Amino acid sequence: MAALYSALEAGRVGIFESPTGTGKSLSLICGALSWLRDFEEKKRQEEARLLALEDGGPEGKKRLTAPEPGRPDSKDTAGEPDWVTAFVQKKEERDMVDRLKEEQIRRKKREDRLEKIRHNVQLKYAAKRKRSEEDETKRLLQLSKEVLSEGAGVDVLEQLDHNEEELILAEYESDEEKKVVSGLEEDDDDLEEEHVTKIYYCSRTHSQLSQFVREVQKSPFGKDTRLVSLGSRQNLCVNEEVRRLGALQLINDRCMEMQKNKHEKKSDEENEGKKRRVSRTVCPFYSYEQMQFLRDEVLVEVKDIEQLVALGRETKACPYYGSRYAIPAAQLVVLPYQMLLHEPTRSAAGIKLKDQVVIIDEAHNLIDTITCIHSAEVSGSQLCCAHSQLLQYMERYRKRLKAKNLMYIKQILYLLERFVAMLGGNVNQNPSCQAVSETGTVLKSINDFLFQSQIDNINLFKVQRYCEKSLISRKLFGFVEQYGGPATAVKTNKENQKLAGLQSFLLTLQQGSDKEGTPQIPPVEAENDELRTASPLMQIEGFLSALTNANQDGRVILNRQGTVGQSSLKFLLLNPAVHFAKVVEECRAVIIAGGTMQPVADFREQLLSCAGVEPARVVEFSCGHVIPPENILPIILCSGPSNQQLEFTYQTRDLPQMMDETGRILCNLCNVVPGGVVCFFPSYEYEKQVYAHWEKTGLLTRLATKKKIFQEPKKANQVEQVLVEYAKCIKRCSQAGGQMTGALLLSVVGGKMSEGINFSDDLGRCVIMVGMPYPNIKSPELQEKMTWLDKTMPRAAGQAPSRVLIENLCMKAVNQSIGRAIRHQKDFASILLLDHRYARPAVFNKLPQWIRERTQVKPAFGSAFAELRKFHRGKLDAL
């Protein structure tokens, strides 16, 4: 906490490591909020001093404008006369005092308002009563409309026609970006509300953020901290009609469209006489007044995402936008990685980083996270599908679309055509039936890809902006959803009642494809959920956006497989620092924290150094574990029971004797280790291979007499079930006694169980790492990254940057996996690293300090086994 406090005070960029179970979250909360409280107090004192000087008569004013010590009497450093300097300085100081007065008034208003809500229960009841009255009025109005429509017999065809109106693109005014704050009322008097100094805390998942908020609630700061939790529409939307869409992109687009409809309602009413009005759906939760009320409720009391959603439902206010209104006044903003690290998302959310503090928790994968956020991939079938849909859309509404819309649609169609051609296909033919002549993977620079695909004459920035402003992918999805055939899967009963005329129109288009070259809508691949629930154009927009990166910062990967449909285009970001640079430039201080941050060289060189951070600004902090030294036994094992040297390289690991030796080690361990044993393999393929070998040799049967064997599933939705069964088995064995002592879980490094899963207590009494999980250096993506690093980074201690990258990737994966075992102060476990290469200083020094200082290197199996037996027997006796 002291190290964190001083890093924030000095405006540093800190890399903080504190193992799980050491109170990392609470330390971050208390250290950061203590600093913020003291900072606010100092600021108040400084403001009071300046205002006192201003109000203190001529003497005070004289002191306020007195020249700084060391300033020359006659001229300033720029050569200006004294009176000019004094005048400018006096004006600046008066402006500052005026600003301070305004800020004081605003702050007082806000504090009074929140205090009133905090203590005045009647105010809450009044707001609730008002909402109930409004709901009752709406219900009565709806009943009246239904009665009237029953009598009048509304023309169903006309209603469908109105729905179709919503699918037509509005006139696209200009290519120029307009500075419009998305989703805010024009008369919003809080638009200019100043952002107070705050802490942005971000983590990977919503569950981690909720856990952090609960820690804040329990902390000494829980009662008087203004905290707001931000999340995606998928997590915060309370409009059931929108939530049912499922896919995030669809939810986003539908929400934006509903807002647009609300703002266009006024102009529709003004032009009612000139043109036929179109019925447009608006969101009932997007009420400015109710969102202001929700904002104040959020600031009064600390709430997590679930509580925020419940409050939104209760107050009939949108939690997604209501929480954003709370950002300027909040002291602590809790948000997922994506919202902070992706600049367009950051600005859309109204997040301002200037002079603020950012804490990035669970940051061991920060480099990969930034790379993934800014990379994009599209398949050949998605490209063909989007082209087909868009072409049919254009044919249907050609006469209704304005010239600028048609121009951009044609540009997008041309882009899709060229992308498919780059994969060796024709956009007018079924991608699943087109065989690719030259299979393989090719990497190109962005510029080369643009030239070779003949799209260098198209302004991708303008196309990207058009897609964003026109909501074309949403309109296209609505079109296919309502009238399309095989390309859509999200349909409701109402949407299935299609017009016969439109059906026959699409049928004509599809039948005519053989004669006129108009393509059919290709079938959607069933295994891809995102494809089944969203228009492929949404995915393609991400790829177009990625192509606007600087040429040197990324590569385009052409992955040509058996058919055009199976082939893909991928943008790979090589330099994540370009997207992190703005964060470290604007912020007062940035803290990168995690349970396992070793090796930190990657953060220093690939991220901070490339982002322009001076080495002197970087501070590192690492603390040991809270467990006593005798509660952990890490061993590097160099050879097995039959003296076979343990070296699991790509060349040797497949040898039968290596797989046999691994099996013998596990058999011996399972005899002495109680409860659960977790064994990590370098890959799913190798784990499968070893399992099959053991099955054939009968070793699996021997293992199964002591431990029930579980395998990590590849599918994410099956992980929970396996873990539940694994835990039940261990509990059953510990209660029953007998020959079966627990369970053995065969897991994979980098899999679902190597991160975020707690194998505490009996679930993980021993963690075994089979070999060193080096990444596949034959991967074209990794090779490109290595080439880029060797070109742009200096050599470290005589080693090529690419070699350092490989070792660091390996050890990050190892550290994450072995960190699963010890989860709290009274926990105990043994850790076994099966490979003599772990003893090499360059590798050994990359283990976490608290493990490294207790690790024993054992050349022979006998002495290692004796240590393990003694350790576990001693622990069982103590229990």
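Refer to the structure printed above.
Quantities reported herein were computed from a predicted structural model and do not represent experimental measurements. (Residues numbered from 1 in each chain as written. Predicted model: local features only at pLDDT ≥ 70, side-chain atom pairs only at ≥ 80, totals over all residues. Heavy atoms only, no water.)

As a further point, take the pattern of salt bridges. Summed over all chains, the structure comprises 24 salt bridges. With a shortest N-O distance of 3.1 Å, Asp296 and Arg295 are connected by a salt bridge. On the basis of relative accessibility, which here comes to 4%, the residue Arg295 falls in the buried class. Across the salt bridge formed by Arg765 and Asp762, the nearest N and O atoms sit 3.1 Å from each other. (Salt bridge = Lys/Arg side-chain N within 4 Å of Asp/Glu carboxyl O. Buried < 20%, exposed > 50% of the residue type's maximum accessible area, 1.4 Å probe, protein only.)

Moving on, we get to the sheet that holds strand β16 (residues 766–770). An order of β14-β15-β13-β16-β17-β12-β18 is seen for the 7 strands of this open sheet, with the pairing classed as parallel. Single-partner strands in this sheet number two, and they are β14 (707–711) and β18 (856–858). In this sheet, neighbouring strand axes are inclined to one another by 20° on average, regardless of whether the strands run parallel or antiparallel. Pairing analysis gives 4 bridges linking strand β13 (residues 675–681) to β16, with the strands arranged parallel. Residue pairing for β16: Phe680 is matched across the bridge by Met769. (Pairing = 2+ DSSP bridges. Helix = DSSP H or I, 4+ residues; strand = E, 2+ residues; numbered from the N terminus. Axes fitted to C-alpha atoms, helices over the stretch in contact; angles between N-to-C directions.)

In a regular helix each residue adds 1.5 Å, so 20 residues correspond to 28 Å; helix α18 (residues 403–422) covers 29 Å between its end C-alpha atoms and thus fits that length. Burial in α18 covers these residues: Asn405, Leu406, Tyr408, Ile409, Ile412, Leu413, Leu415, Leu416, Arg418, Phe419, Val420 and Met422. Where α18 terminates, the next one or two residues include Gly424, which has phi positive at roughly 85°. (Expected span 1.5 Å × (residues − 1).)

This brings us to the environment of Glu647. Position of Glu647 among the secondary structure elements: in the loop between β12 (632–637) and α29 (656–672). By relative accessible area, which is 25% here, Glu647 ends up partly exposed. Residues Glu647 and Leu834, spaced 187 residues apart in sequence, show a C-alpha to C-alpha distance of 7.9 Å. Beyond its immediate sequence surroundings of up to four residues, Glu647 is in contact with Thr652, Met658, Asp835, His836 and Arg837. (Contact = heavy atoms within 4.5 Å.)

Let us look at unusual backbone geometry. A negative phi angle is the norm for most residues apart from glycine, just as the trans form is the norm for most peptide bonds. Across the junction of Gln598 and Pro599, the peptide omega takes the value -10°, indicating a cis bond. Assignment of secondary structure puts Pro599 in the loop between β10 (589–594) and α28 (601–609). For Lys316, which is not glycine, the phi torsion reads 60° and is therefore positive. Its identity is not glycine, yet Leu471 carries a phi of approximately 55°, on the positive side. Within the secondary structure layout, Leu471 lies in the loop between α20 (460–470) and α21 (472–483). Assessed through its relative accessible area of 7%, Leu471 is described here as buried.

So, on to the packing of helix α17 (residues 380–397) against α21. Their axes nearest at 10 Å, the elements α17 and α21 cross at an angle of 85°. The angle between α17 and α21 falls in the class roughly perpendicular. On α21, the residues that touch Ala386, Gln389, Leu390, Gln392, Tyr393, Arg396 and Tyr397 of α17 are Ile472, Lys475, Leu476, Phe479, Val480 and Tyr483. Partitioning the contact of α17 with α21 into residue classes produces 9 nonpolar, 2 polar and 2 charged. (Parallel < 35°, antiparallel > 145°, perpendicular 65-115°, else oblique. Nonpolar A, V, L, I, M, F, W, Y, C, P; charged D, E, K, R; others polar.)

Two faces belong to every sheet, and in a regular strand the side chains alternate between them. The buried count for strand β2 (residues 199–203) comes to 5 of 5 residues, which makes it a mostly enclosed element. Every second residue of β2 is oriented toward a common face, with Ile199, Tyr201 and Ser203 on one face and Tyr200 and Cys202 on the other, all of them buried. Here β2 pairs with strand β4 (residues 332–336) via 5 bridges, running parallel. By the bridge assignment for β4, Ile199 is matched with Leu332. Pairing geometry for β2 and strand β5 (residues 357–360), over 4 bridges, is parallel. Note that in β5 the partner of Cys202 across the bridge is Ile360.

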